[in-house]
Amino acid sequence: MAEHHSGPVEMGAPMDYPEHEKTYNLFVAGAKYGTLFCVSLMVAMAAGFFTGAGFFSALLLLIILNVLGFIVLR
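Residues numbered from 1 in each chain as written. Predicted model: local features only at pLDDT ≥ 70, side-chain atom pairs only at ≥ 80, totals over all residues. Heavy atoms only, no water.

Q: Now, about the overall build of the protein chain: what can you tell me, with residues and values included?
A: Within the protein chain, the secondary structure is distributed over two helices and zero strands. The buried share of the protein chain, taken over its 74 residues, is 11%. (Helix = DSSP H or I, 4+ residues; strand = E, 2+ residues; numbered from the N terminus. Buried < 20%, exposed > 50% of the residue type's maximum accessible area, 1.4 Å probe, protein only.)

Listed below in structure tokens is the structure:
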């Protein structure tokens with residue numbers, strides 16, 4: 001048989017707010033640093049492919065952009 005609940009649906013199980021905040025902060029950090037890596041990778045690939053910089057210069061540029069971006073985004 002169907003269960004009969006009294007009260008509003010929004011008042012279901014209690015929320016674990018500290019865990020929710022931890023998960024949210026982890027997601028935001030992952031999105032932030034993931035975007036940083038993708039943008040710096042695209043800039044390094046453009047420098048390596050469309051200029052005479054070469055692979056190792058582009059790799060060095062990727063590392064420098066990631067370190068600088070990490071410092072700025074902290």
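Having seen the structure, we can now continue with the description.
Q: An account of helix H2 (residues 55-73) is needed here, citing residue identities and associated values.
A: In this model H2 runs 26 Å from its N-terminal to its C-terminal C-alpha over 19 residues, within 8% of the 27 Å that 1.5 Å per residue would give. Within the sequence span of H2, burial applies to Ala58, Leu62, Asn66 and Gly69. Buried residues along H2 cover an arc of 80° about the axis, so they all sit on one side. In H2, those exposed residues whose orientation departs by more than 90 degrees from the buried face are Phe56 and Leu60. On its buried side, H2 packs onto helix H1 (17-50). (Expected span 1.5 Å × (residues − 1). Arc of directions from axis to C-beta. Contact = heavy atoms within 4.5 Å.)

Q: Describe the environment of Leu60, naming the residues involved and giving the relevant values.
A: As for its position among the elements, Leu60 is in helix H2. Along the primary structure Leu60 and Ala44 are separated by 16 residues, whereas in three dimensions their C-alpha atoms are 8.4 Å apart.

Q: Go over the packing of H1 against H2 with me, naming the residues and quoting the values.
A: Two elements in contact, H1 and H2, have axes separated by 9 Å at closest approach and are oriented at 150°. Taken together, the axes of H1 and H2 are roughly antiparallel relative to one another. For the pair H1 and H2, the sense of crossing is right-handed. For the pair formed by H1 and H2, the contact residues are Lys32, Tyr33, Leu36, Phe37, Ser40, Leu41, Val43, Ala44, Ala47 and Gly48 on the first element and Ala58, Leu61, Leu62, Leu65, Asn66, Gly69, Phe70 and Leu73 on the second. Class assignment for the residues of the contact of H1 with H2 results in 13 nonpolar, four polar and one charged. (Axes fitted to C-alpha atoms, helices over the stretch in contact; angles between N-to-C directions. Parallel < 35°, antiparallel > 145°, perpendicular 65-115°, else oblique. Left-handed = near helix turned anticlockwise from the far one by under 90°. Nonpolar A, V, L, I, M, F, W, Y, C, P; charged D, E, K, R; others polar.)

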